[in-house]
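Summary of structural features
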Amino acid sequence: MEKIRINSCETHIYRALDEVTAKTENFPDMEKIYTEEELSTVCDYCAQAAIYVVSNT
Ligand SMILES: [Zn+2]
């Protein structure tokens, strides 16, 4: 199965969830980012800091 991982800010979390759901036809995993390293991650849809990672694993 294809591995999908989308970084998302608060604004785009539903879009990220929708996209992973559509691609995998399963409800995705949603993890909040806590570590400092990951806190510098940027949202895949805009330039804001990502606070969630949506994946299908
Ligand atoms: Zn965003």
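Residues numbered from 1 in each chain as written. Predicted model: local features only at pLDDT ≥ 70, side-chain atom pairs only at ≥ 80, totals over all residues. Heavy atoms only, no water.

The protein chain is annotated in an unreviewed UniProt entry as CxxH/CxxC protein (TIGR04129 family) from Bhargavaea ullalensis.

Re helix α1 (residues 13-24)
For α1, spanning 12 residues, the distance from its first C-alpha to its last is 16 Å, which sits close to the expected 16 Å at 1.5 Å a residue. Next to the buried residues of α1 lie β1 (5-8), β2 (29-32) and β3 (52-55). One or two residues past the end of α1 sits Glu25, with phi positive at roughly 60°. (Helix = DSSP H or I, 4+ residues; strand = E, 2+ residues; numbered from the N terminus. Expected span 1.5 Å × (residues − 1). Contact = heavy atoms within 4.5 Å.)

Points about the environment of Asn26
Relative to the assigned elements, Asn26 resides in the loop between α1 and β2. Assessed through its relative accessible area of 44%, Asn26 is described here as partly exposed. Here the alpha-carbon distance between Asn26 and Asn56, two residues 30 residues apart in the chain, equals 7.7 Å. Aside from chain neighbours lying at most four places away, what touches Asn26 is Val20 and Thr21. (Buried < 20%, exposed > 50% of the residue type's maximum accessible area, 1.4 Å probe, protein only.)

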